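Residues per chain, in single letters:
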Amino acid sequence: SLHRGGRTLFSGLDCVCRAGEAVVILGPNGAGKSSLLLALAGLMPADGAIEIDGQPLHHYTREERARLIAWQGALPPAEFGLTVGQRLELAAAAGSGDIAAVAERMEIAALLGRALGELSSGERQRTELAALMLRDAPIWLLDEPTAHLDLKHQIQWIDILKTERRQGRAIIAVLHDLQQALAIADALILIDGQGGDGGEMSGVRYGRADSLGTAAQLGELFQAPVIKQGQILLPDYGESV
């Protein structure tokens, strides 16, 4: 169960993410998606048990957790004067990645000498995702990793996530785009934002993506019309004028 600001975000969540799987968290603004990621990273208190490999999270030292978990959140401040290369060097010091190879993969090799404060939001996001990759932790916690990215780099990053999942990475991600979510999700966590303390599982649902990722379930979750066109789920924006 998770509480914040004096209210219950949800209660009764029982879920698992295995190596080589992706769990995607979906829900409306303010429902508690980012808070759940923070709790899983040990950065926010939660009621109940959070375990890695059968051991309670709090049994791991801070250094051990840093080796196990890489967390990507909102863009960090850029006022410290770091260049892209220096930011990646900091990340590589905590991992074992190849800076040149990762920079090339994320198409930021030409930016290595640039200050973070001079970059666009999309370029900074790609830099932070490259830093995440350099950490090379077995568990990735991602909070809207495709935010700020243009279409090309959104597609590229979803492809990277699929590759990392196949290679054994455990991925838990908050996403807003339904197609991106269903492209990578083995399982879904749906947080409806209603919270409350009623019932065994209040404000949250967990299950395999093929059973929870339906137009009816997602329409109910977002309280918005979702339609299916072929194999694709789309928001129903109505007929264009």
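Residues numbered from 1 in each chain as written. Predicted model: local features only at pLDDT ≥ 70, side-chain atom pairs only at ≥ 80, totals over all residues. Heavy atoms only, no water.

Pairing is mixed across the open sheet formed by six strands, whose spatial order is E6-E7-E8-E3-E9-E10. The sheet is open, and its two borders are formed by strand E6 (69-72) and strand E10 (204-208), each paired with just one other strand. In this sheet, adjacent strand axes meet at a mean angle of 15° when their direction is disregarded. Sheet analysis places strand E3 (residues 22-26) next to strand E8 (residues 170-174), joined by four bridges and oriented parallel. (Pairing = 2+ DSSP bridges. Helix = DSSP H or I, 4+ residues; strand = E, 2+ residues; numbered from the N terminus. Axes fitted to C-alpha atoms, helices over the stretch in contact; angles between N-to-C directions.)

Under the counting rule described, the total for this entry stands at one aromatic pair. Measuring from ring centre to ring centre gives 6.0 Å for Trp140 and Trp157, while their planes differ by 10°; the resulting arrangement is stacked. Here Trp140, found in strand E7 (residues 139-143), pairs with Trp157, found in helix H6 (residues 151-166); they are 17 residues apart in sequence, far enough to count as distant. Of the two residues, Trp140 and Trp157, both sit in the buried class. (Phe/Tyr/Trp six-rings, centres within 6.5 Å; stacked < 30°, edge-to-face > 60°. Buried < 20%, exposed > 50% of the residue type's maximum accessible area, 1.4 Å probe, protein only.)

Using the criterion set out here, one finds nine salt bridges in the structure. A salt bridge links Arg114 to Glu118, with the nearest nitrogen and oxygen atoms 3.4 Å apart. Each of Arg105, Asp136, Glu164 and Arg169 takes part in a single network of salt bridges with overlapping partners. (Salt bridge = Lys/Arg side-chain N within 4 Å of Asp/Glu carboxyl O.)

Core analysis: the largest hydrophobic core is formed by 44 residues, its most contacted members being Leu26, Met106, Trp140 and Trp157. Tallying contributions element by element places helix H5 (residues 121-135) first for this core, with six residues. In this structure, Met106 is in contact with Arg126, Leu129, Ala130, Met133, Gln156, Trp157 and Ile160, ignoring residues within four places of it in sequence. Ile25, Leu36, Ala39 and Tyr60 belong to the second largest nonpolar core, which has 27 residues in total. (Core = buried A, V, L, I, M, F, W, Y, C linked by side-chain atoms within 4.5 Å. Contact = heavy atoms within 4.5 Å.)

A few words on helix H3 (residues 84-93). Think of an α-helix as turning once every 3.6 residues; residues three or four places apart then point the same way. Residues of H3 that are buried: Val84, Gly85, Leu88, Ala91 and Ala92. Mapping the buried residues of H3 onto a view down its axis gives an arc of 120°, with all of them on the same face. Set apart from the buried face of H3 by more than 90 degrees, the exposed residues are Leu90 and Ala93. Residues of H3 that are buried in the fold lie against helix H4 (99-105) and H5. (Arc of directions from axis to C-beta.)

For the rest of this paragraph, the subject is helix H1 (residues 33-40). The buried count for H1 comes to six of eight residues, which makes it a mostly enclosed element. By the burial criterion, the buried members of H1 are Lys33, Ser35, Leu36, Leu37, Leu38 and Ala39. Phi turns positive, to about 80°, at Gly42, one or two residues after H1.

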